[in-house]
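Chain residues, written in single-letter form:
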Amino acid sequence: MASAKTLFGTDGIRGIAGRDLTAGLAFGVGRAAGESAGGGRVLVGMDTRPSGRELSSALRAGLESAGAEPVDLGVIPAGGISYLTVAAGAAMGVVISASHNPAPYNGIKLLGADGAKLPDGVEAEISERVLPADDEWSAPERGDSPGSAWPEGVDLYLDWLADSVSADLSGLSVVVDCANGAAFRAAPRVLRALGVETQTTGDCSDGSSINHRCGATHPEWVASLSGGRIGLALDGDADRLIAVDETGAIVDGDFLMAILARHLQRNGRLEPPLVVATVMSNLGFNLAMASRGIETALTRVGDRYVREEMVRRGAVLGGEQSGHIIFGNLAVTGDGLLTALQLLEVVALSGKRLAKLRSGAMERFPQVLVNVEVERPREVEGFPEIWEAVSRVGEELGETGRVLVRPSGTEPVVRVMIECRESELAERYAHDLAGVIAAAMDQPAMERE
């Protein structure tokens, strides 16, 4: 059984289903979460992964054993679980998904009564309640599904999404890549309900190919199909969006935030004039915001930390380069479908092609990201030779570049990111630093992302 220190990562619990994330662990987390919530209804939804049904059932059994009332939402985007948790007055929400990871992985994300991811301290408390004996739990032979089911919940969520749009979207045409995940039904339903001409891809329901060469981590797939239309690429739990413009150019989270911030500012709705981003956002984004008098507040990686800073500063827009976008006046967590609709609204109201909005939003600095596979990425902090090398590179780059080294919270890798005006220089520095890390931590594998 994982310890309280390591049970929850940057984005919940995550690992290979059946090995790192067993039904017993899911039962234990459910029981511990139910105790922490003090009873009441807990909504549980999932993506399409083959392991999802077993894990959901086990977690709901754990909730029920602690006196909570589990409600099965079935396959539904993560944003829908967040919205319905609040709308139904539930004590907690649970997302069974490993987001952008491949099919063998799965995960558990816990949401509070406000629909937002739980603070680190609450997750640590729940971790402490998980017992070694929980891992021995097995499903009863009769196989009844714990709690009640609420399959109609997704309809309320889609109605809310549609109501968030005030513009006429009927003249738009898109290709939406559902990543063979949670939005395979929801995405085309809401888009077509709003009159958007919609072609789907990545709309398989069995989850065995979730995120495989498709979705937000592989936007080149939807770009290959877009044919002069806007492409919308979601990930496995549909909490992030990467778009593709009419020319096939990628519109990542930084460009999305820049486009949305400019639109909100023009309409007097960006108050305060502030956008919250993470340390992974491109330097070009920061400069573009500064040129318009918009402050950029940077947080550590993770949309929960973006949300916390948004609340602290009263910001109405924040997000990550990876496509998690949070609209402070609409939601408390990233929602790829909501982001897609808000983006299409900007396109419709501006009368401009997304390609035009993209080119005018910001200039992207060359950014190189290299992943170094290591067994214990968090131990990178304890190697002074690595940080001496990082400091040297930072000094050489000066104010026209940036270096970032950090352990991943979701994968066994240390990420090296270099930005500067010259792509070849960024490549050289990134691979030099990756070599230092690999040598210091005795792990030779490096992967260009």
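What you see is a predicted model; the values in this text were computed from it and never measured.

J.: How would you summarise the environment of Gly-147 if you had to cite specific residues and measurements?
T.: For Gly-147, the location among the structural elements is in the loop between helix 4 (120–129) and strand 6 (148–149). Taking the C-alpha atoms as reference points, Gly-147 and Ser-57, separated by 90 residues in sequence, lie 9.1 Å from one another.

J.: Tell me what's going on with the sheet that holds strand 8 (residues 197–201), and back it up with residues and numbers.
T.: In sheet architecture, strand pairing relies on hydrogen bonds along the backbone and comes in two forms, parallel and antiparallel. Strand order in the open sheet made by the five strands is 8-7-9-10-11, with mixed pairing throughout. Because the sheet does not close on itself, it has two edges, and the strands there are strand 8 and strand 11 (250–251). Here strand 10 (residues 241–244) pairs with strand 11 via two bridges, running antiparallel. By the bridge assignment for strand 11, Ala-243 is matched with Val-251.

J.: Lay out the sheet that holds strand 6 with the relevant residues and their values.
T.: Spatial ordering of the open sheet is given by 1-5-4-2-3-6, a layout of six strands whose pairing is mixed. Edge positions in the sheet fall to strand 1 (13–16) and strand 6, since each has one partner strand and no second. In the sheet, strand 4 (residues 92–96) pairs with strand 5 (residues 105–111) via four bridges, with the strands oriented antiparallel. Counted as the bridge partner of Val-94 is Leu-110 from strand 5. With respect to the sheet, helix 2 (residues 52–65) is in contact with strand 2 (40–46), strand 3 (68–75), strand 4 and strand 5, its orientation differing from that of strand 3 by roughly 165°.

J.: Hey, could you go over the nonpolar core for me, with residue numbers and the actual values?
T.: Ranked by size, the top nonpolar core spans 70 residues in total, and within it Leu-161, Leu-191, Leu-232, Leu-317 and Leu-344 carry the most contacts. Ignoring sequence-local partners within four residues, the contact set of Leu-344 consists of Leu-169, Leu-172, Val-174, Leu-191, Val-196, Ile-230 and Leu-232. Counting 26 residues, the second largest nonpolar core, distinct from the first, contains Phe-8, Val-29, Ala-33 and Val-130.

J.: Please provide a residue-by-residue account of helix 12 (residues 354–361), values included.
T.: Among all positions in helix 12, only Leu-354, Ala-355, Leu-357 and Ala-361 are buried. One side of helix 12 holds all its buried residues, which, seen down the axis, span an arc of 160°. Seen from the buried face of helix 12, the exposed residues on the opposite side, beyond 90 degrees, are Lys-356 and Ser-359. Buried positions along helix 12 lie against strand 9 (230–234), strand 10, strand 11, helix 8 (253–266), helix 9 (283–291) and helix 11 (336–350).

J.: Describe the pattern of salt bridges, naming the residues involved and giving the relevant values.
T.: Proximity of charged atoms lets side chains of opposite charge pair with each other. Scanning all chains against the criterion turns up 26 salt bridges. Where Asp-237 meets Lys-109, a salt bridge forms, and the shortest distance between an N and an O atom there is 2.6 Å. Residue Asp-237 is located in the loop between strand 9 and strand 10, and its partner Lys-109 is located in strand 5; the two are separated by 128 residues in the primary sequence. Arg-415 is the salt-bridge partner of Glu-411, the closest N and O atoms lying 2.8 Å from each other. Taking relative accessible area as the criterion, Glu-411 reaches 28% and is therefore assigned partly exposed. Within the structure, one salt-bridge network assembled from shared partners comprises Asp-11, Arg-14, Lys-109, Lys-117, Asp-237, Asp-239 and Asp-303.

Criteria and thresholds
- Residues numbered from 1 in each chain as written.
- Predicted model: local features only at pLDDT ≥ 70, side-chain atom pairs only at ≥ 80, totals over all residues.
- Heavy atoms only, no water.
- Helix = DSSP H or I, 4+ residues; strand = E, 2+ residues; numbered from the N terminus.
- Pairing = 2+ DSSP bridges.
- Contact = heavy atoms within 4.5 Å.
- Axes fitted to C-alpha atoms, helices over the stretch in contact; angles between N-to-C directions.
- Core = buried A, V, L, I, M, F, W, Y, C linked by side-chain atoms within 4.5 Å.
- Buried < 20%, exposed > 50% of the residue type's maximum accessible area, 1.4 Å probe, protein only.
- Arc of directions from axis to C-beta.
- Salt bridge = Lys/Arg side-chain N within 4 Å of Asp/Glu carboxyl O.

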